[in-house]
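# Architecture and fold: a report
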There are 2 protein chains.
Amino acid sequence: MDRASRTSANVTSPATEAAETTGEQGDATPKRARARRRDRTTASMADVARLAGVSSQTVSRVSNGYAGVNEETRRAVLSAMKELGYRPNSAARALKRGEFRTIGVITFTLATTGNVRTLEAIATSAAHEGYAVTLLPVAIPTQDEVRGAFTRLEELAVDAVIVIMEVHLLDAATITLPPHVQVVVVDSDAGDHYTVVDTDQAGGTRTAVRHLLDLGHQTVWHLGGPEGSFAAQRRADTWRAALTEAGHVPPPLVRGDWTAESGYRAGLELAARENCTAVFAANDQMALGLLRALHERGRRVPEDVSVIGFDDIPEASSFLPPLTTVHQDFAEVGRLCVEAVLRKMRREGPERGTTLVPTRLVLRASTAPPPGRDAERP
Amino acid sequence: MDRASRTSANVTSPATEAAETTGEQGDATPKRARARRRDRTTASMADVARLAGVSSQTVSRVSNGYAGVNEETRRAVLSAMKELGYRPNSAARALKRGEFRTIGVITFTLATTGNVRTLEAIATSAAHEGYAVTLLPVAIPTQDEVRGAFTRLEELAVDAVIVIMEVHLLDAATITLPPHVQVVVVDSDAGDHYTVVDTDQAGGTRTAVRHLLDLGHQTVWHLGGPEGSFAAQRRADTWRAALTEAGHVPPPLVRGDWTAESGYRAGLELAARENCTAVFAANDQMALGLLRALHERGRRVPEDVSVIGFDDIPEASSFLPPLTTVHQDFAEVGRLCVEAVLRKMRREGPERGTTLVPTRLVLRASTAPPPGRDAERP
DNA sequence: CCATCGGATGTTTACGTAAACATTACAGCG
DNA sequence: CGCTGTAATGTTTACGTAAACATCCGATGG
C-alpha cells in the first residue's frame, strides 16, 4: 500500500519541503519566492547546490561524473540530490550542449512486422547508446504527409533521423532537411545519396528461388509486394533475374499489398493455374493468405504446390503447413541503423553507402519436389 | 536529380551565407564570430531579427502567431525566416515554457499486435495534438529494468507517460515518478490508483464464451495467456465466471505465453482430450498454433472442435479456417490514452479511474455446434 | 622561505526563447 | 492643444545547465 500510494497523484515534491527548511541565503525573500516559479515541483542545480553548500557548478560536475571532485563533496552533493529528488532538466541540458540525444524514426506504418521489429531494435540500440527514440508514424504516404512529418521532426528535438520507407518519396517532396540532421534509410536503393541499411533482398530472393528450382520445379511464380516498396521491387527483380539466369522463363508477376488478404486473392488466381507448382511470396503474411487459397481450391501444400515466404515472422512455424521462408534479421538492421547514424553524427563514417544484412533460409514443411516431375513443359 | 542532391550530405546552411552578407550591426566583429558557435548550421531568432531589422521579441511573436504584429513587419520576419532557414530551437523553447510537448511510452515488447497497434494509435493521436512520442521498450520485464526505463524517461524530455503493461510491476519497483509527470496505464486493473484505459476484457470474454455455449457446447476450454499479464488474468477469470454462471463446469486452464508456438504445444494437449469441443484462446496467435495442432491430430475445425480467438489481427481472416475472434479496437484505446493523459496534464479530468473500450465478436468459420450433440456429460 | 604547480571549487557567461515590462507613436477626444 | 488610450515594437530578464575562466589552498622543490 505504501507503494501503491506512490502514484503521480499522491506525490508531493520533496524539493518544496527541503527548500522551505533551508534558511540561509540572506538575500531578499521576494526574489527567492519568485525564483521558485509557478510550480515548485522540480529542484534545480541551484537548489541542490544550496542544500549541499557548494556551487551549482560543482553539482554539475557531480551530475556529469566529472573527475576533479573531492569524494566527500561528491557524497554531500549526491545526498542533496537524493533528498531533493533532483533530476537534470534535459531541455536546459540540450540547449547548452546543442544536442538532444534523440533519434527520430519516421515510418509509414507499424502494420508490417519488419517495420516494427526494426523499430524495436532501433529503440533498444539507441537506448543502449544513451539516445531516446522519437516516433513519427505517417498514416498515409502522400508526399504532403511526408513533408509534414519531417517538419514536425525538425521542430522536435532530434539529432538524427532514421527513415523506414522508400526514400524516393522524400526526394520527391520539397523537404528542407535541417542541415545538421543525419539521415539513415531502410528499404531503399538510394545508397548513392544516403546511408542505407537494409536486408540483403537480392541474396534472400536468390536463395529462395534456387531452393525451389533445386527441388525440380520448372519455374517459380512470384507473389510480389506493392509498387511503392523498394523491398518488393528488389525481390521481384531478383526473382526474375534468378529465373532467367538459370534458363527458366519467369511467369507473369502477381502482386499483393503485403496483407494476408491480398495473398488470398492472388492465391485464388494462382490456384487456378495447373502449371503453378511453386510460389515465392514476397512476405509471410501473403504466404498465409496464399496457403488458405490453395487449401480452399484443393491444392495441397507442399505435395501439389510449394510455397516459400520472406521475413520469418514468429507465426510462420505455425502455419499449415509450417512455412519455409527467408529469415530476415531485423534486429541487426535496427542495430546497424543506429550505429550508422551515430557514426555519421560523429563524422566517423562515410556520408553514403549501403550496408546489407544477410538472410537465412529456414526450411520447414511448405516446399517439396513438384508432383509429376516432367509433366508439362512449355 | 535536383531533388536527389538535396540530401543531408549536400545541404549547405542558408543561414551561414545570409549571415555573412548581413553587414550592419556596428558592434565588435569578434563578438559576432564567437556568437556564431562552433557550428554555424542553425539560425537563431537573433539572426532572423537582425536580417528583418526588428527585435528578437518580434520574431518570437511572429513565430508563435501572436496577434499584435503589423502585417508588413510580419511578412518581413517570415521572409527573413525563410531566407535563413530558421527553425525554432525546441530545447530553448522547452526550457522557457517548462514543457516538452512529448509523451513517453514505456512497454515491454513490441512483439504483440496489441502493443504495437496501441502504440501506433498513440503516436498518431499525439501528433495530432502537437505532441511527440518518445519510445522506450524494456527488453526484460524485471523490476530493475522497469526502474531503469523510468529513470531514463525522466531524464528525457516527457511531460507524461503511457505505460503499456501491467502496472503492478511498477508499483513493486522502487520508482520515483517525477512529480509532475502524469501516467496512464493500459493492461491493468489499477484504476483505483491510476488512470487506466483498456479493452473491455471481461465483455469480450463473455461474448466469446456465450457464443460457444449458445452453439450447444457442453463447456469451453481456455487457452490462456502468461501469468504476468493483466489481460490474460482478466480473460481467464471472466471465462471461468461466465461458465460457472451458466451452470457449466470450467475445465482446467491451459496456459500459453501469447506466441503461436505456445498455442501449438497447448493445442497438442487439448487435441488429446476427446471431450474438448470448444476452445477459447486468449489471443489469435495462440489460436493459430492451436489450429495447427488440431489439424495435425486430425481434429477438424470447426466440425470436431470450435476455436475462438481474441484480438482480431489482420491475419485472422486468412487462418485455416478463418478465425472467429473478439475484435479489439486498439486504435481507440490509443486515442483514449492520449486524450486521458492530456486531460490529466491540464487538470481537467479525474486523477484515476478506468475507461473500457468495447469489443466486437467477429464471426468467421472456426466455430460450429459440437459434433455429437449430447455425447458425454460429466 | 618563497615560487610554482595542480587539485578542488567558485564565478561568469552564453545557449535560444518568451514572459514581463518599457517605450514609442499616433489617433481620438474633450 | 494637450491628454489618454492603444497598437506596435523594443528591452530586460529568467528558464537550468555547463563551458570557460578565476580563485583558493596546500604541497613540492629549489
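As shown above, the structure is provided for reference.
My aim in this report is to walk through the structure given alongside it, one point at a time. (Residues numbered from 1 in each chain as written. Chains lettered and ligands numbered in written order. Predicted model: local features only at pLDDT ≥ 70, side-chain atom pairs only at ≥ 80, totals over all residues. Heavy atoms only, no water.)

### A few points about the environment of Glu245 of chain B
Along the chain, the position of Glu245 of chain B falls in helix 11 (residues 230-245). Among the polar contacts listed, one links the side chain of Glu245 of chain B to the side chain of Arg206 of chain B, at a separation of 2.9 Å. (Helix = DSSP H or I, 4+ residues; strand = E, 2+ residues; numbered from the N terminus. Polar contact = N/O pair within 3.5 Å; in protein donor to acceptor, adjacent residues only side chain to side chain.)

### A look at the packing of helix 6 (residues 90-97) of chain A against helix 6 (residues 90-97) of chain B
The contact between helix 6 of chain A and helix 6 of chain B brings their axes to 8 Å, and the two run at 145 degrees. Crossing of helix 6 of chain A over helix 6 of chain B shows left-handed handedness. Each of Ala91, Ala92, Ala94 and Leu95 of chain A in helix 6 of chain A lies in contact with helix 6 of chain B, whose residues at this interface are Ala91, Ala92, Ala94 and Leu95 of chain B. Taken together, the residues of the contact of helix 6 of chain A with helix 6 of chain B sort by class into 8 nonpolar, no polar and no charged. (Axes fitted to C-alpha atoms, helices over the stretch in contact; angles between N-to-C directions. Left-handed = near helix turned anticlockwise from the far one by under 90°. Contact = heavy atoms within 4.5 Å. Nonpolar A, V, L, I, M, F, W, Y, C, P; charged D, E, K, R; others polar.)

### Some details on the sheet that holds strand 10 (residues 324-327) of chain A
All names here are of chain A. Reading across the sheet, the 6 strands line up as 7-6-8-9-10-12 and stay open at both edges, with mixed pairing between neighbours. The open sheet has two free edges, formed respectively by strand 7 (254-255) and strand 12 (360-362), since each of these has just one partner strand. Pairing analysis gives 4 bridges linking strand 9 (residues 306-311) to strand 10, with the strands arranged parallel. From the neighbouring strand, Gly309 faces strand 10, where its bridge partner is Thr325. Relative to the sheet, helix 10 (residues 201-214) contacts strand 8 (278-281), strand 9, strand 10 and strand 12, its axis offset from that of strand 9 by approximately 165 degrees. (Pairing = 2+ DSSP bridges.)

### Observations concerning the nonpolar core
If you look at the biggest cluster of nonpolar residues, it comprises 52 residues, and the most contacted ones within it are Leu223, Val279 and Val307 of chain A together with Leu223, Val279 and Val307 of chain B. Listed by contribution, the elements that provide at least two residues to this core are strand 6 (221-224), helix 12 (260-271), strand 8 and helix 13 (284-296) of chain A together with strand 6 (221-224), helix 12 (260-271), strand 8 (278-281) and helix 13 (284-296) of chain B. Excluding anything up to four places from it in sequence, Leu223 of chain A contacts Val254, Arg255, Gly256, Gly263, Ala266, Val279, Phe280, Ala281, Ala282, Met286 and Leu290 of chain A. In terms of nonpolar packing, the next biggest core, distinct from the first, is built from 51 residues, Val105 and Ile164 of chain A together with Leu342 and Val357 of chain B among them. (Core = buried A, V, L, I, M, F, W, Y, C linked by side-chain atoms within 4.5 Å. Buried < 20%, exposed > 50% of the residue type's maximum accessible area, 1.4 Å probe, protein only.)

### Let's talk about the protein's contact with DNA strand C
Close to DNA strand C lie 27 residues, the nearest being Asn70 and Thr73 of chain A together with Met45, Gln57 and Tyr86 of chain B. Near-protein atoms of DNA strand C (within 4 Å) split between backbone and bases, with sugar and phosphate holding 59%. Residue assignment for the surface near DNA strand C shows that the elements contributing at least two residues are helix 4 (56-63) and helix 6 of chain A together with helix 2 (29-35), helix 4 (56-63) and helix 6 of chain B. Take the surface near DNA strand C: its biggest share by element is 4 residues, from helix 6 of chain B. Residues of the surface near DNA strand C, tallied by class, amount to 8 nonpolar, 12 polar and 7 charged. (Near = heavy atom within 4 Å.)

### Some words on the sheet that holds strand 4 (residues 182-186) of chain B
Spatially, the 12 strands line up as an open sheet ordered 11(A)-5(A)-4(A)-3(A)-1(A)-2(A)-2(B)-1(B)-3(B)-4(B)-5(B)-11(B), and their pairing is mixed. Edge positions in the sheet fall to strand 11 (353-357) of chain A together with strand 11 (353-357) of chain B, since each has one partner strand and no second. Pairs of neighbouring strands in the sheet enclose a mean axial angle of 25 degrees, with direction left out of account. Along the sheet, helix 14 (residues 330-345) of chain B makes contact with strand 1 (102-107), strand 3 (160-164), strand 4, strand 5 (195-199) and strand 11 of chain B, crossing strand 4 of chain B at roughly 160 degrees.

### Observations regarding the environment of Leu78 of chain A
Mapping Leu78 of chain A onto the fold places it in helix 5 (residues 71-84). For Leu78 of chain A and Ala52 of chain A, which are 26 residues apart along the polypeptide, the C-alpha to C-alpha distance reads 8.6 Å.

### Some remarks on the packing of aromatic side chains
Considering all chains together, one arrives at 2 aromatic pairs over all chains under this definition. Here Phe280 of chain B and Phe310 of chain B contribute two aromatic rings whose centre-to-centre distance is 6.2 Å and whose plane-to-plane angle is 50 degrees, an arrangement assigned as tilted. Of this pair, Phe280 of chain B sits in strand 8 while Phe310 of chain B sits in strand 9 (residues 306-311), and the two are 30 residues apart along the sequence. The ring of Tyr264 of chain A carries the charged tip of Arg292 of chain A above its face, separated from the ring centre by 3.9 Å. Across from the ring centre of Phe310 of chain B, 3.9 Å away, lies the NZ or CZ of Arg235 of chain B, which sits over that ring. (Phe/Tyr/Trp six-rings, centres within 6.5 Å; stacked < 30°, edge-to-face > 60°. Lys NZ or Arg CZ within 6 Å of the ring centre and 35° of its normal.)

### Side note on the protein's contact with DNA strand D
Not every one of the 26 residues close to DNA strand D is listed here, only the nearest: Met45, Gln57 and Tyr86 of chain A together with Asn70 and Thr73 of chain B. Counted by atom, the contact set of DNA strand D within 4 Å of the protein is 59% sugar and phosphate. Note that a base nitrogen of DNA strand D is positioned 2.8 Å from one of the side-chain N or O atoms of Arg61 of chain B. Put simply, the parts of the chain that give the surface near DNA strand D at least two residues each are helix 4 and helix 6 of chain A together with helix 4 and helix 6 of chain B. Looking at which element gives the most residues to the surface near DNA strand D, the answer is helix 6 of chain A, with 4 residues. When grouped by side-chain class, the residues that make up the surface near DNA strand D number 8 nonpolar, 12 polar and 6 charged.

### Description of unusual backbone geometry
Going from Val301 of chain A to Pro302 of chain A, the amide bond is cis rather than trans, its omega being 10 degrees. Here Pro302 of chain A shows up in the loop between helix 13 and strand 9. In this structure, the amide linkage connecting Leu320 of chain A to the following residue, Pro321 of chain A, adopts the cis form with an omega of -5 degrees. Assignment of secondary structure puts Pro321 of chain A in the loop between strand 9 and strand 10. Non-glycine residue Trp258 of chain A carries a positive phi angle of around 85 degrees. Residues other than glycine seldom take positive phi values, yet Asp187 of chain B does so here, at roughly 65 degrees. Mapped onto the elements of the fold, Asp187 of chain B is located in the loop between strand 4 and strand 5.

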